[in-house]
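# Working through the structure, step by step
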Amino acid sequence: AQSVTQLDSHVSVSEGTPVLLRCNYSSSYSPSLFWYVQHPNKGLQLLLKYTSAATLVKGINGFEAEFKKSETSFHLTKPSAHMSDAAEYFCVVSYGSGDKLTFGTGTRLAVRP
Amino acid sequence: DTAVSQTPKYLVTQMGNDKSIKCEQNLGHDTMYWYKQDSKKFLKIMFSYNNKELIINETVPNRFSPKSPDKAHLNLHINSLELGDSAVYFCASSQDWGQGYTYEQYFGPGTRLTVT
């Protein structure tokens, strides 16, 4: 079965330092990839998406992700963390038109003052 | 204006009861979804409707029945509630389905269901 793996369940960074949240997908067809963020007791918000255009994707709030086919990865980065970035982040994959979204298990990002 | 809204936000009920959760989207989208998020935050799709037609029906107990009266609404009715049904249920919508493209989905705020 097609899947997506988030390599870290928890990541903790200091405010102002870079953020790296790792995601790998199982390789089969060319995937569509998304990152969603869920703040406490809130719904999910789309950060960015990759759908076979540019491999470096820029999203909202300063986040970006790079699609690396050779590594089957789609890691999420941000140069400088803010306290407001503390949330749960989900890497999501879909394999082709008509396929459902498959969610990773999530990475909880904590930001220390 | 809220894009995808759900009611109620919280629902506490006893085992064996029947309850409904309502979802509405004002984005003009053709496709709507129901997801279940368990206590470990894992999200799994339950159902999807495209233009009021069921297109995804995952392995969900038949106590769960979705209903789509029109493209803007997708309700979830749950019969004979069980303790294991306690979760957060999210509604979502997307512009379309298939058509050679994977559309991003927009999520509602969630309904926290607690079965006692």
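Below: a short report on this structure. (Residues numbered from 1 in each chain as written. Chains lettered and ligands numbered in written order. Predicted model: local features only at pLDDT ≥ 70, side-chain atom pairs only at ≥ 80, totals over all residues. Heavy atoms only, no water.)

### Regarding the state of the cysteines
Working definition of a disulfide: a covalent bond connecting the sulfur atoms of two cysteines. Under the convention used in this document: Throughout, disulfides are identified as pairs of cysteine sulfur atoms within 2.5 Å of each other. Counting from the N terminus, the helices are the DSSP runs of H or I reaching at least four residues and the strands are the DSSP runs of E reaching at least two. When accessible area is computed with a 1.4 Å probe and restricted to protein chains, residues below 20% of their type maximum are described as buried, those above 50% as exposed, and intermediate ones as partly exposed.
Under the criterion given, the structure shown has two disulfides over all chains. Each sulfur in the disulfide pair C23 of chain A and C91 of chain A lies 1.9 Å from the other. Disulfide C23 of chain A to C91 of chain A: torsion about the S-S bond roughly -65°, handedness left-handed. Taken as a pair, C23 of chain A in strand β4 (residues 23-25) and C91 of chain A in strand β10 (residues 87-94) lie far apart in primary sequence, 68 residues in all. When sorted by exposure, C23 of chain A lands in the same class as C91 of chain A, which is buried. A sulfur-sulfur distance of 1.8 Å marks the disulfide that ties C23 of chain B to C91 of chain B. Its S-S torsion of about -75° marks the bond between C23 of chain B and C91 of chain B as left-handed, since a negative value means left-handed. Placement of C23 of chain B in strand β3 (residues 19-25) and of C91 of chain B in strand β9 (residues 87-94) is noted, with a sequence separation of 68 residues between them. For the pair C23 of chain B and C91 of chain B, one class covers both residues: buried.

### So, the sheet that holds strand β1 (residues 4-7) of chain B
Residue and element names in this part refer to chain B. Heads up, the rule is: Paired strands, as defined in this entry, are two strands with at least two bridges between them according to DSSP. Convention adopted: a line fitted to C-alpha atoms gives each axis, helices being fitted over their contacting stretch, and angles between N-to-C directions are expressed from 0 to 180 degrees.
Ordered in space as β1-β3-β8-β7, the four strands form an open sheet in which the pairing is antiparallel. The open sheet has two free edges, formed respectively by β1 and β7 (64-70), since each of these has just one partner strand. Taken over all neighbouring pairs, the strand axes of this sheet differ in orientation by 20° on average, direction set aside. The sheet contact formed by β1 and β3 spans four bridges and is antiparallel. Bridge pairing in β3 links V4 to Q25.

### Details of the side chain of T107 of chain A
All names here are of chain A. For clarity, the cut-off: In the analysis that follows, any N or O atom pair within 3.5 Å is treated as a polar contact, provided that within protein one partner can donate a hydrogen and the other can accept it, and provided that, for residues neighboring in sequence, both atoms belong to side chains. Contact definition: two residues touch when any of their heavy atoms are within 4.5 Å.
Within the secondary structure layout, T107 lies in strand β12 (residues 107-112). Relative accessible area serves as the criterion here: at 0%, T107 is assigned to the buried category. Reaching out from T107, the side chain makes a polar contact with the side chain of Q6 at a distance of 3.2 Å. Of note is the side chain of T107, whose polar atom sits 2.5 Å from the backbone oxygen of D8. Leave out the neighbours within four places in its chain, and T107 touches Q6, D8, S9, H10, V11, L21, A87, E88 and Y89.

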